[in-house]
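# Examining the three-dimensional arrangement
Residue-level listing of the chains:
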Amino acid sequence: MGKIKAKYLLEENSVIEVVVAGQSNNRKEFDVRRSGRSDIPALSLQQYTLDTDIKYSRYLQNNWKFKVGHQATITDNTNDPDTGILPLIPDYLSRKNGVFTTVSGKSGNILYNVGVRYDHEYLLALTISNTLPREVISYTNNFSNVSGLIALKLKQETRSVSFNTGFAMRNPAINELYSFGLHQGVSSIEEGNIDLATERAIKTTLEY
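Residues numbered from 1 in each chain as written. Predicted model: local features only at pLDDT ≥ 70, side-chain atom pairs only at ≥ 80, totals over all residues. Heavy atoms only, no water.

Attention now goes to the side chain of Asn79. Tracing the sequence through the fold places Asn79 in strand β4 (residues 65–79). Of the polar contacts made by the side chain of Asn79, one reaches the backbone oxygen of Ile89; its length is 2.9 Å. (Helix = DSSP H or I, 4+ residues; strand = E, 2+ residues; numbered from the N terminus. Polar contact = N/O pair within 3.5 Å; in protein donor to acceptor, adjacent residues only side chain to side chain.)

Before going further, it helps to examine the pairing of strand β2 (residues 14–29). Side-chain direction in a regular strand flips from residue to residue, so the side chains alternate between the two faces of the sheet. Where strand β1 (residues 2–11) meets β2, nine bridges bridge the pair, whose relative direction is antiparallel. From the neighbouring strand, Glu11 faces β2, where its bridge partner is Ser14. Joining the antiparallel neighbours β1 and β2 is a turn of two residues. Judged from the 16 bridges that link them, β2 and strand β3 (residues 43–59) form a sheet pairing that is antiparallel. The residue of β3 that forms the bridge with Gln23 is Thr49. (Pairing = 2+ DSSP bridges.)

Here we take up the pattern of salt bridges. Between side chains of opposite charge, a pair can form as their charged atoms come close. One pass over the structure, following the stated rule, counts six salt bridges. In this structure, Glu17 engages Lys5 in a salt bridge whose closest nitrogen and oxygen atoms are separated by 3.5 Å. Here Glu17, found in strand β2, pairs with Lys5, found in strand β1; they are 12 residues apart in sequence, far enough to count as distant. Classification of Glu17 as buried rests on a relative accessible area of 16%. A relative accessible area of 54% means that Lys5 is categorised as exposed. Its salt-bridge partner being Glu176, residue Arg170 comes within 3.2 Å of it at the nearest N-O pair. By relative accessible area, Arg170 is classed as partly exposed at 37%. If you follow the salt bridges from partner to partner, you end up with Arg170, Glu176 and Glu199 in one network. (Salt bridge = Lys/Arg side-chain N within 4 Å of Asp/Glu carboxyl O. Buried < 20%, exposed > 50% of the residue type's maximum accessible area, 1.4 Å probe, protein only.)

Okay, here's the thing in structure tokens:
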């Protein structure tokens, strides 16, 4: 894993922050196999991930802060065919992009925090059929999500009241969609469902 982080001060009250990170995972899982093949992994994959994050922050008058940013993640996963077993998760390419903005500050005794975010994910999966003869089946998914948060806090000397409400969306993960087979790491049979849709959740809290 490697990571580079840099900040550039545009002026006294504004800054740009850039983070670039890359990771390489070589994962192998083993099982007791017949014909002396226990030294050959039952699952073997190579996965590369690249993350980029750029944020612009500006400090406004009266302790208010404005932030806007963009995040992107690319994941490339490839299975080793020499295992001789259908892969638990398929070869896939994932591209995620998200943009967001937040405003926070204080007015009198009230603290404010408001944010909104938009995400898009492109997922290309190359699966292998479970029937003979084996065929490569390609699936493409496009997910678009919107999320937001509103938080207020009234603070006095000996007491405080806070209110938070947020809306979030979560895409099904690659294993939830396309996994099929024995997962040696948790000793379970997993089978995905290609018809899974995006989860939506609203959470609200009120605290005194």
